[in-house]
Amino acid sequence: MNGRRRFFQDAAIFSAGLFGLSKSLQAQEEKPMSMRPRESPHGHMPAAGPYLPMMTPDLADLRHEMEGNVKVFHLVGEPVKRKIAPFKTVDAWGYNGSCPGPTIQVQQGDRVRVVFENRLPESTSLHWHGLEIPIEQDGVPYISQKPVGPGEKYVYEFTVHQEGTFFYHAHSAMQEMMGQIGFFVAHPEKDYKPRVDHDYGLILQEWAVLPSNTIPNTAAMEFNWLTFNGVSAPMTTPLLARMGSRVRLRILNLGMDHHPVHLHGHQFVMTGTEGGRAPESTWYPMNTVLVGVAQARVVEFEAKYPGAWMIHCHLPHHMMNSMMDLLRDRQIQTADQTDMKALSQMESLARSVPFQHVHHAPIAQDAEKVPGFPQDAFMEMGMDEVVEKPETYGLPKNWSAGMMGMMTMVRVLPEKEYDAIIARKNLPGAPAEHHHES
Ligand SMILES: [Cu+2]
């Protein structure tokens, strides 16, 4: 597993585009919102809508228009360049300039129309995963509809009688692995009890992309890039939670692996699946939830303890990224590594990415005499400045050295610190990562 060392991963992350949203996504975010939170999780939006929207960090929401009493969405399937790490951009396929696609949020009982346009070079369709809708709307090529050819449009329309966390995706295996997936959340007619103050969504994906390559190998069984909402840590935008609040986290998986997602410092209960809300009598405390392929898992917890608490897949190789891209011919060695060599590698990486070089954590004087050394030594690199955004404000120095792969954090913040970050997010020119607030 030379190719997946943390060294890289750290190195990986620093440079460029923290703000990897595509132009079209940004444009989307600038448009007026079609949906308003009932109450802003961040306290600066007027209470106007029927429900608290889910937020998908690093992804936008899909707006809709009303035609009579039908909510009309426009989805475009198309090739997408997605920056998954500062030095790594992949040629994925997604929707509306985004991979994963933008989040669709409706309310139970809504009549929904999705005008779909295929700008892919091949035929496709849209499947509504978990929704109980007429067979003609099911989106399976040849079975329930003719494939939607390149350049063609297809209109899906159905009434959503369920509540819960669903998703839309192409019903073609390779296209799924190219990234063609997005959230479809149906908020309940009546609020779930207990109510939550924050509602966040994460889509889990894995990618096989060779060094100096941008196209995911959809036939590969070995994955070297792991993402939440289309980015690897520490590019993942931290989730914010006011201390004492109740947080919902919806996690959705459409890939080749099952992911045990673990939360630090708190216990949660599983309140729902891809089939909707689970009765409270089935809830029991846990802190790791296995999110299998094609599943959604919804968990809720009281944000009791202040701090920056990890949320991550616990498979060890999913807590890393590929290091191959940066090191190339200077691939890190698992043996025969010395402090001097590691430092010079780090320094040249720092120059090329560029990021501010930070010395790794201390090693023992006779470390090289110990069989197995090094493991994680030399892998740590802080790149705080490169991934800086309002949500990272106030984190301890070199926090980014501890963040890799399928990982993010929930920052449980006392009132004053929470408000300070929200104020930064609202500064003119601040990146509008969270659509709901733009
Ligand atoms: Cu995993």
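Scoring rules and cut-offs
Just so you know, the residues in each chain are numbered from 1, in the order the chain's sequence is written. The model is predicted, so local features are restricted to residues of pLDDT at least 70 and side-chain atom pairs to those at 80 or more, both for listing and for counting; the totals for chains, interfaces and linings are taken over all residues. Side-chain measures here rest on the full set of heavy atoms in the structure, leaving out hydrogens and waters. In what follows, salt bridge is the name for a side-chain nitrogen of Lys or Arg lying within 4 Å of a carboxyl oxygen of Asp or Glu. For helices the rule is a DSSP run of H or I covering at least 4 residues; for strands it is a run of E covering at least 2, with both sets numbered from the N terminus onward. Here the term buried applies to any residue with accessible area under 20% of the maximum for its type, exposed to any over 50%, and partly exposed to those in between, with areas from a 1.4 Å probe on protein chains only. Any two residues whose heavy atoms approach within 4.5 Å at even a single point are treated as in contact. Two strands make a pair as long as DSSP finds a minimum of two bridges between them. Axis angles are defined between N-to-C directions and span 0 to 180 degrees, where every axis is a line fitted to C-alpha atoms and, for a helix, only to the segment in contact.

A. Fine view of the pattern of salt bridges. Taken as a whole, this structure holds 19 salt bridges when the rule is applied. Taking the shortest distance from any N to any O, the salt bridge between Asp419 and Arg242 comes out at 3.3 Å. Pair noted here: Asp419 is in helix α6 (residues 415-425) and Arg242 is in strand β12 (residues 239-242), with a separation of 177 residues, a long-range link. Close ionic contact of Arg246 with Glu300 constitutes a salt bridge, the shortest N to O distance being 2.8 Å. Remark: Glu300 occurs in strand β18 (residues 296-302) and Arg246 occurs in strand β13 (residues 246-253); sequence separation between them is 54 residues. Overall, the relative accessible area of 1% leaves Glu300 in the buried class. Residues joined in a network through salt bridges with shared partners are Asp199, Arg246, Arg248, Arg250, Arg277, Glu300 and Glu302.

B. Region of the structure containing unusual backbone geometry. Backbone torsion omega between Cys99 and Pro100 reads -5°, so that peptide bond is classified as cis. Tracing the sequence through the fold places Pro100 in the loop between β3 (88-95) and β4 (104-107). With omega at 5°, the peptide bond leading from Ala233 into Pro234 counts as cis. With respect to the element layout, Pro234 can be found in the loop between β11 (225-228) and β12. The phi torsion at Asn229 lies on the positive side, around 50°, for a residue other than glycine. Along the chain, the position of Asn229 falls in the loop between β11 and β12. Using a relative accessible area of 1% as the deciding quantity, one classes Asn229 as buried. Even without being a glycine, Ala294 presents a positive backbone phi close to 75°. By secondary structure assignment, the location of Ala294 is in the loop between β17 (288-291) and β18.

C. The environment of Ala308, seen in detail. Mapping Ala308 onto the fold places it in strand β19 (residues 307-313). Residues within four places of Ala308 in sequence aside, it is in contact with Leu395, Met409, Val410 and Arg411.

D. Layout of the sheet that holds β4. As summarised here, the arrangement of the 4 strands in space is β4-β9-β8-β6, forming an open sheet in which the pairing is mixed. With one partner strand each, in any of the chains shown, β4 and β6 (127-129) form the two edges of the open sheet. Put simply, the sheet's adjacent strands are angled 25° from each other on average, direction ignored. As paired elements, strand β8 (residues 164-169) and strand β9 (residues 181-187) share 6 bridges and run antiparallel to each other. Note that in β9 the partner of Thr165 across the bridge is Val185.

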